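# Secondary and tertiary structure notes
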Amino acid sequence: MNRPLLVTDCDEVLLHMASHFGAWLDEAHGIDFALDRHDTFNAMTRRADGSTVPAEEAWPLLDAFFQTEMHRQTPVPHAIEALGEIAEHADIVVLTNIGEHCRPHRMAHLESLGIRHRVLCNSGGKGRPVARLIEELRPGATVFVDDLAVHHESVAKHAPDVWRLHLVAEPRMAPHIPAAPHAHARIDDWVSAKAWVLDRLAARAAA
């Protein structure tokens, strides 16, 4: 049994994304992005005629943002400090749902902010990759943090012994998003989240 493990999402957990994506859509494409919902595609409307941007056009826009505009993304308050303290007690892996071709950009940007941990890219549910990490690292305890309920459901299915924390860092989105039913807790700030994570890692490792 090895060091405990924290597996954390990036966008709207470690780095703000939605507000910066919305600003870029406004500036470069004349598209409004509503922050009062947690549905990236249905939240995008063309300012010229009010039409919803279809998924087949929205996906390339999201990919383009991650390839060329990732430098806009700013750290979530207290996230960097929390990771620094957690890293004294546990290994940390950033599990992010972006294309593998964007991984170098993500790693470079995170490193520029002082976040120097293993980065894995993924598509779809995060339960299987979390299970693979546990098989590889054999941690004494594992905590998973993500802003999307679907990933908590996936982890609950494929790695049920993992502690699951639902965290939505964008304050204009968080009030409109219900707590993920498959998460053990919902905390939207890293000061409180850090304490919750450290308590779970220590308790399970001791057990």
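Below is a summary of the structure that appears in this document. (Residues numbered from 1 in each chain as written. Predicted model: local features only at pLDDT ≥ 70, side-chain atom pairs only at ≥ 80, totals over all residues. Heavy atoms only, no water.)

## Observations regarding the overall build of the protein chain
In plain terms, the rule: A helix here means a DSSP run of H or I that spans at least four residues, while a strand means a run of E at least two residues long, and both kinds are numbered starting from the N terminus. Radius of gyration: over C-alpha atoms. The globule rule applied is 2.2 Å multiplied by the number of residues raised to the 0.38 power. Classification of residues uses two cut-offs on accessible area relative to the type maximum, computed with a 1.4 Å probe and protein chains only: under 20% is buried, over 50% is exposed, and between them is partly exposed. The criterion used for residue contact is that any of the two residues' heavy atoms lie within 4.5 Å. In these tables, accessible area is a Shrake-Rupley quantity obtained with a 1.4 Å probe, and a residue counts as shielded only by the protein chains included in the view. Only four residue types enter the charge count: Lys and Arg as positive, Asp and Glu as negative, with His and the chain ends excluded. By convention, the charge on Lys lies at NZ, on Arg at CZ, on Asp at CG and on Glu at CD.
Counting its regular elements, the protein chain contains seven helices and eight strands. The C-alpha radius of gyration of the protein chain comes to 17 Å, within 12% of the 17 Å expected for a compact globule of 207 residues. In terms of its C-alpha atoms, the protein chain occupies a principal-axis envelope of roughly 60 × 35 × 30 Å. Classification of the 207 residues of the protein chain by burial places 46% in the buried group. Partitioning the intrachain contacts of the protein chain with sequence separation of at least 6 by distance along the chain shows that 64% fall at a separation of at least 24. Total accessible area computed for the protein chain in this model is approximately 9,600 Å², and 52% of it derives from carbon and sulfur atoms. Seen as two clouds, the 20 positive and the 29 negative side-chain charges of the protein chain have centres 5 Å apart.

## Looking at unusual backbone geometry
Phi angles above zero are rare outside glycine, and Glu-12 is one such case at about 65°. Looking at the secondary structure, you find Glu-12 in the loop between β1 (5-8) and α1 (18-29). Positive phi, close to 70°, is recorded for His-78, a residue that is not glycine. Looking at the secondary structure, you find His-78 in the loop between α2 (55-68) and α3 (79-86). Its relative accessible area of 45% is what places His-78 among the partly exposed residues.

## Details of the packing of aromatic side chains
Given two aromatic rings, their pairing is described by the distance between the two centres and the angle made by the two planes. Cut-off, in case you're wondering: Working definition: a ring pair exists when centres of Phe, Tyr or Trp rings (six-membered ring for Trp) sit within 6.5 Å. Plane angles under 30 degrees give stacked, over 60 give edge-to-face, the rest tilted. Here, a charge over a ring means that NZ of Lys or CZ of Arg falls within 6 Å of the ring centre while also lying within 35 degrees of the ring normal.
Counted according to the given criterion, the structure contains six aromatic pairs. Seen from their ring centres, Trp-24 and Phe-65 are 5.9 Å apart, and the 55° between their planes marks the pair as tilted. Within this pair, whereas Trp-24 is found in helix α1, its partner Phe-65 is found in helix α2, the two being separated by 41 residues in sequence. Overall, Trp-24 belongs to the buried group, its relative accessible area being 8%. Members of the aromatic cluster, joined through ring pairs, are Phe-21, Trp-24, Phe-33, Phe-65 and Phe-66. The positively charged end of Arg-200 is found above the aromatic ring belonging to Trp-163, 5.6 Å away from the centroid.

## Describing the side chain of Asn-122
Definition in use: Here a polar contact means two N or O atoms within 3.5 Å. Within protein one must be a hydrogen donor candidate and the other an acceptor candidate, and residues neighboring in sequence count only if both atoms are side-chain atoms.
Within the element layout of this structure, Asn-122 appears in the loop between β5 (118-121) and α5 (127-137). Here Asn-122 falls in the buried class, since its relative accessible area comes to 13%. Within the local environment of Asn-122, its side chain forms a polar contact with the side chain of Asn-97, the two groups lying 2.9 Å apart.

## Considering the packing of α5 against helix α6 (residues 149-158)
The criterion, for reference: Here an axis means a line fitted to C-alpha atoms, over the contact stretch when the element is a helix, while the angle between two N-to-C directions is reported on a 0 to 180 degree scale. Under this scheme an angle from 65 to 115 degrees is roughly perpendicular, one under 35 degrees roughly parallel, and one over 145 degrees roughly antiparallel; angles in between are oblique. Take the far helix as your reference; a near helix turned counterclockwise from it by less than a right angle gives a left-handed crossing, and one turned clockwise gives a right-handed crossing. When residues are sorted by character, Ala, Val, Leu, Ile, Met, Phe, Trp, Tyr, Cys and Pro go into the nonpolar class, Asp, Glu, Lys and Arg into the charged class, and all the rest, Gly among them, into the polar class.
Across the interface, α5 lies against α6 with an axial gap of 7 Å and an inter-helix angle of 45°. Between α5 and α6, the angle falls in the class oblique. Pair α5 / α6 crosses with right-handed handedness. Contacts between α5 and α6 pair Gly-127, Arg-128, Val-130 and Ala-131 from the former with Ser-154, Val-155 and His-158 from the latter. Here the contact of α5 with α6 is composed, by residue class, of three nonpolar, three polar and one charged.

## Notes on the nonpolar core
Convention followed: Joining through side-chain atoms within 4.5 Å is the link that ties buried Ala, Val, Leu, Ile, Met, Phe, Trp, Tyr and Cys residues into a set, and such a set is a nonpolar core.
Membership of the largest hydrophobic core comes to 30 residues, with the highest contact counts inside it found for Leu-6, Ile-86, Val-145, Leu-165, Trp-190 and Val-197. At the level of secondary structure, the elements contributing two or more residues to this core comprise α3, β4 (91-96), β6 (142-146) and α7 (190-206). Looking at this core, the element that brings in the most residues is α7, giving six residues. Beyond its immediate sequence surroundings of up to four residues, Trp-190 is in contact with Thr-8, Val-13, Leu-14, Val-76, Pro-77, His-78, Ala-79, Ala-82, Ile-86, Val-145 and Leu-167. Phe-21, Phe-65, Met-173 and Ala-174 belong to the second-largest nonpolar core, a separate cluster that totals 25 residues.

What is shown is where atoms sit, not what they do.
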